[in-house]
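Per-entry structural report
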Amino acid sequence: MESQAPPREILLPAPSLTALRLALRRETGAVAATHALNAAGFAAGSALFPALRKELGGNPSELPAPGFWDGMTRFFHKRGWGRISHQRIHPALGRVSSPDWAEADPDGGDLHPSCAYSAGLLAGLLSRVADAPMAAVEVACRSQGDAECVFLFGSEKAVQLLYGRLLDGTPLSEALDQL
């Protein structure tokens, strides 16, 4: 029986993600580009699970939360994505933030958060960790001038409810209170 090797990882310059996002926006429009990048990121996050498992020395879901998040921080930093921090902000949602996230383009001048690939990547990876569907949404982004990129994650239902409220113009703190 053939053993399944972890997927091969490659190193790309971070600006290639910005170039990809801009090219997709030109060719397909902003919404379609966001959906495509998010789906591709989800697939990549799912494929990264064996590497995370190896990095953590076992099943990530069996680790206590502080150990898991310390491992996630090392995992992303080692691969050049940036430094992350985590906090629980609601019983149904967690927050991951980074002051130096690789997908962000601080000179981009975007009007909206633009790290859709990363949101998908986090959702895909965390879905594998939780062995349940997870979603992530970026609510602050260095590409739009924020000090850090901030992703909120949780069950698909919780993130969809939150995102719907944000799209309706509800401030984040109120949207969290309404969940």
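Conventions used here
- Residues numbered from 1 in each chain as written.
- Predicted model: local features only at pLDDT ≥ 70, side-chain atom pairs only at ≥ 80, totals over all residues.
- Heavy atoms only, no water.
- Buried < 20%, exposed > 50% of the residue type's maximum accessible area, 1.4 Å probe, protein only.
- Helix = DSSP H or I, 4+ residues; strand = E, 2+ residues; numbered from the N terminus.
- Pairing = 2+ DSSP bridges.
- Expected span 1.5 Å × (residues − 1).
- Bend = angle between axes of the 7 residues up to and from the residue.
- Contact = heavy atoms within 4.5 Å.
- Core = buried A, V, L, I, M, F, W, Y, C linked by side-chain atoms within 4.5 Å.

A separate point is the pairing of strand β2 (residues 93-98). Among the six residues in β2, five count as buried, and that is most of the element. Note: strand β1 (residues 85-90) against β2, five bridges, orientation antiparallel. Note that in β2 the partner of His 86 across the bridge is Val 96. If you look at the hairpin formed by β1 and β2, you'll find two residues sitting between the two strands. Where β2 and strand β4 (residues 149-155) come together, six bridges link them in antiparallel fashion. Across the sheet, Arg 95 pairs through a bridge with Leu 152, a residue of β4.

Side chains three or four residues apart in an α-helix point the same way, a direct result of the helix having 3.6 residues per turn. Helix length check: helix α2 (residues 30-56), at 27 residues, gives a terminal C-alpha distance of 36 Å against a target of 39 Å (1.5 Å per residue), a fit within 8%. Largest kink in α2: about 40 degrees, centred on Phe 49, with the proline Pro 50 one to four residues after it. The set of residues buried in α2 consists of Ala 33, Leu 37, Gly 41, Gly 45, Leu 48, Phe 49, Ala 51, Leu 52, Glu 55 and Leu 56. On its buried face, α2 is in contact with α1 (15-28), α3 (65-78) and α4 (116-130). In the segment just after α2, Gly 57 is the residue with positive phi, at about 75 degrees.

Looking now at the nonpolar core. Counting 34 residues, the largest nonpolar core has Met 72 and Phe 76 as its most contacted members. Listing elements by their share of this core, those giving two or more residues are α2, α3, α4, β3 (134-140) and β4. Counting residues per element, this core draws most heavily on α4, which supplies nine residues. In this structure Phe 76 touches Trp 81, Gly 82, Ile 84, Trp 101, Leu 121, Leu 122 and Leu 125, once residues within four positions along its chain are discounted. Formed by eleven residues, the second largest nonpolar core is a distinct cluster that contains Leu 93, Val 150, Leu 162 and Ala 175.

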